[in-house]
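The primary structure of each chain is shown beneath.
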Amino acid sequence: MTATPRPLRRPEDAAAQSFWDSLRRTTQARIGLGRAGDALPTTEVLEFRAAHAAARDAVHNPLDVAALATAVSALGLGEPVHVRSLAADRSEYLRRPDLGRLPGSVEAAGPVRLDAANSIAGRMIWSGETSATGDPRDGEDVLAGVPNVGAEVGFVLADGLSPRALADHGVPMLAALIEALGERYTLAPPVIATQARVALGDHIGAALGVTTVLVLIGERPGLSVADSLGIYLTHHPRPGRADSERNCISNIHPPEGLTYTRAARIATTLVDGARRLGRSGVDLKDTSADPALTIAHVEPLLLDTRTGPVDARTACPPLTLDVSDRA
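Description of the structure in this document. All of these numbers come straight from a predicted model, not from anything done at the bench.

## Points about the pattern of salt bridges
Side chains that differ in charge, positive against negative, can pair when their charged atoms come close.
Here is step 1 of the chain: This model, assessed by the stated rule, comprises ten salt bridges.
Here is step 2 of the chain: Across the salt bridge formed by Arg 246 and Asp 243, the nearest N and O atoms sit 3.4 Å from each other.
Here is step 3 of the chain: Under the relative-accessibility criterion, Arg 246 is labelled buried at 8%.
Here is step 4 of the chain: Measuring nitrogen to oxygen at the nearest pair gives 2.9 Å for the salt bridge that ties Arg 279 to Asp 283.
Here is step 5 of the chain: Look at Arg 279 and you get partly exposed, because its relative accessible area is 34%.

## Structural notes on helix H2 (residues 42-60)
Helical geometry note: an α-helix holds 3.6 residues per turn, so side chains three or four residues apart project in the same direction.
Here is step 1 of the chain: Here H2 contains 19 residues, and its C-alpha end-to-end distance of 27 Å stays within 8% of the 27 Å for a straight helix at 1.5 Å per residue.
Here is step 2 of the chain: If you check which residues of H2 are buried, you get Glu 44, Ala 51, Ala 55, Ala 58 and Val 59. Buried residues in H2, looked at end-on, bunch into an arc of 100 degrees, giving them a common side. In H2, those exposed residues whose orientation departs by more than 90 degrees from the buried face are Thr 42, Thr 43, Leu 46 and Arg 49.
Here is step 3 of the chain: Those residues of H2 that are buried are in contact with helix H4 (90-95) and helix H5 (163-181).

Cut-offs used in this document
Residues numbered from 1 in each chain as written. Predicted model: local features only at pLDDT ≥ 70, side-chain atom pairs only at ≥ 80, totals over all residues. Heavy atoms only, no water. Salt bridge = Lys/Arg side-chain N within 4 Å of Asp/Glu carboxyl O. Buried < 20%, exposed > 50% of the residue type's maximum accessible area, 1.4 Å probe, protein only. Helix = DSSP H or I, 4+ residues; strand = E, 2+ residues; numbered from the N terminus. Expected span 1.5 Å × (residues − 1). Arc of directions from axis to C-beta. Contact = heavy atoms within 4.5 Å.

Shown next as structure tokens:
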């Protein structure tokens, strides 16, 4: 039986294809998919299902804590500890975001015994009590196992909604941050957190005794990107901080997304600004993209709508809007 030849592409179809091809080079969004009758073409349907499966796997596949801890230790910042949230498993983590914001237990992150010689700057990694089975004891002082070194900057590597993102990008992103911040600030030993939401970093940062905490966390996967990493910066971390008191650097997944070097530059600018401003959050703006400013001289800006941008070093009110003389 002779196969039926495919119909020739009409000129307007070729023009439309060329139009969409040019746009696809600028975005990972699913655009110009076309149609077959009343539905999408089979190829697009299969690609959609594959992307959806990748996103689900990114959410549900657990983080290999031991492997991550080994790679983090090789960066020379110290042996990390592992903090678990109160969420017992992935299912509860997804159903109960509140439990992901609270610490549940602390344990050694690598394949070592808790009573093994394991110290940083003379401080024991684990100083809390253990149960009869050797597991860390839960309780109000659960974070006693987090070393309080009083450093200026601390790092939390959290699995979040995409453990895959942390596994793929966590170590090189942390290495870039260490390089950018290491000569400017004292750095605390990193902490690995699982079943973790962003606010868990407030508890860990307070236990570390750091001035500023950076939470590297897997972002919610999408149908275009399943391994995007985010960094959340909180100055003077403590339990109860609001989301408006943080700054976020999002979409870190080179080569398509933000590069490690660029993200580290933004983070350094924000840390510098937070220290000058005395706080992080909505009042602190990223000015690292301004070519006239260097990291060492970037000043955060506050916006007063009555006078325009002003220098954060001067005494000025927070964001205000005076509409008394407007229609």
